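Chain by chain, the residues:
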Amino acid sequence: MQYPCIKSYCIKKGKSEMKLVNWNIASLKSMLFGTTTRALQTREISQKIIKDNPDIIGLQEVKIRPDGPDAKENKKLTELFPNYNIVYRASQSPAKTSYAGTMILHKRDLNPIRIIKPNIDSGDLDSEGRLLILEFKKHYFVNAYIPHYEYHKYRQHAHWMKELTEYIDKLNQKKVVLLAGDLSILLGKKTVKSTVSKKAVLELKRQYDSLLDLGLRDAYIVKPNGQNDATWWAPNIEKKVENGIRTDFWLVSDSVSNKIISSGPIDTGKRRDHAPMKLDIDIN
């Protein structure tokens, strides 16, 4: 089989850098058409991303309908991202619909080998469209929206996370993994007030460590872009770096960790909630 020349592996001017973005947007419709202050802030941030012209954008919590973006949403997405293909996974019954869900926008010349929508658990969480993968010749782009430890039963979250870890381990044994997502893991200098117990916080850290134990590296730790590691702020507290936590990540196979150019959150100004997380990497 002859593979097409994938941009990520075609050397141009001595470089094969990929620009990647990962963002929990909370609602695709709000980003595209919302009129609230928060929606306008979201749209302003999306313009920053568009200007940066990333190769792949992984979105979580898009909250699209079971049959995908409607005609109006598709038209707007095409206007904003004219050179991208759109891949999505929506929440389906028996799970709550127009909830959770993931989406990947990728440059049309990337030509993934296949799109993977794996079911890693027999429960309703797999029906929520939380895992979406593009397979390329030399790597997997994994877009994950982990079930929240407070909004779901904690045991349910922990079980799904265990299944995800085992699944990522299998992928990582085959080829390079670039894991993007809102991993619902609490890291940072300070943790905002939460109903989750200290014991649960330690368990979340253990889950993070279990992913690193697979042979993955935290891109921000390897090549941090700036000193601000916070990616999420609660809506009811003053937005300062020290009041934020890091819950959005790029984890990459150790074999390409030396190819990381930089990784870090995009400045979201006054907007609280999640910040987009960038990864620039040379994976020729």
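All of the points below concern the structure found in this document. (Residues numbered from 1 in each chain as written. Predicted model: local features only at pLDDT ≥ 70, side-chain atom pairs only at ≥ 80, totals over all residues. Heavy atoms only, no water.)

### Side note on unusual backbone geometry
Our working rule: Helix and strand definitions here come from DSSP, where helices need a minimum of 4 consecutive H or I residues and strands a minimum of 2 consecutive E residues; each element is numbered from the N-terminal end.
Residue Pro94 is bonded to the preceding Ser93 through a cis peptide linkage, with omega at 15 degrees. Its place among the elements puts Pro94 in the loop between strand S3 (84-89) and strand S4 (102-107). Of note in this structure, Glu61 is not a glycine but carries a positive phi near 55 degrees. In this fold, Glu61 is placed in the loop between strand S2 (56-60) and helix H3 (71-80). Within the chain, Asp273 stands out as a residue other than glycine whose phi angle is a positive 70 degrees. The residue Asp273 is located in strand S13 (residues 273-274) in this model.

### Remarks on the environment of Asp229
Note the following rule: Only protein chains enter the calculation, and the probe is 1.4 Å; a residue is then buried if its accessible area is under 20% of its type maximum, exposed if over 50%, and partly exposed in between.
Within the element layout of this structure, Asp229 appears in the loop between helix H6 (219-222) and strand S10 (232-233). By relative accessible area, which is 16% here, Asp229 ends up buried. Along the sequence, Asp229 and Val241 sit 12 residues apart, while their C-alpha atoms lie 7.9 Å from each other.

### Quick notes on the packing of aromatic side chains
How two aromatic rings sit relative to each other is given by the distance of their centres and the angle of their planes. Test applied: Side-chain rings of Phe, Tyr and Trp (the six-membered ring for Trp) are treated as a pair once their centres are within 6.5 Å; stacked means planes under 30 degrees apart, edge-to-face means over 60, and tilted covers the remaining angles. We call a charge positioned over a ring when the NZ of a Lys or the CZ of an Arg lies within 6 Å of the ring centre and within 35 degrees of the ring normal.
Across all of its chains, the model carries 3 aromatic pairs by this definition. Taking the centre distance of 5.6 Å and the plane angle of 85 degrees together, the rings of Phe81 and Tyr84 count as edge-to-face. In this structure, Phe81 and Tyr84 share a single accessibility class: buried. A centroid spacing of 5.6 Å and a plane angle of 45 degrees characterise the contact between Tyr208 and Phe249, whose relative ring orientation is tilted. One end of the pair, Tyr208, is in helix H5 (residues 198-212); the other, Phe249, is in strand S11 (residues 246-253), and 41 residues separate them in sequence. With respect to class, Tyr208 is no different from Phe249; both count as buried. Directly above the ring of Trp233 sits Lys239, whose terminal nitrogen or CZ lies 4.4 Å from the centroid.

### A few points about the sheet that holds strand S12 (residues 260-265)
Note the cut-off: Two strands form a pair only when DSSP identifies at least two bridges running between them. Where helices are involved, their axes are fitted lines through C-alpha atoms of the stretch in contact, as for all axes, and angles between N-to-C directions lie from 0 to 180°. Contacts are assigned to residue pairs that have any heavy atoms within 4.5 Å of one another.
Spatially, the 6 strands line up as an open sheet ordered S3-S4-S2-S1-S14-S12, and their pairing is mixed. Of all strands in the sheet, those with a lone pairing partner are S3 and S12, marking the two edges. Adjacent strand axes in the sheet meet at a mean angle of 10 degrees when their direction is disregarded. In this structure, strand S1 (residues 17-24) lies alongside strand S14 (residues 277-282), joined through 6 bridges in antiparallel fashion. Across the sheet, residue Val21 finds its bridge partner in S14, namely Lys278. In the packing of helix H2 (residues 37-52) onto the sheet, contacts are made with S1, S2 and S14, and the angle to S1 comes to roughly 170 degrees.

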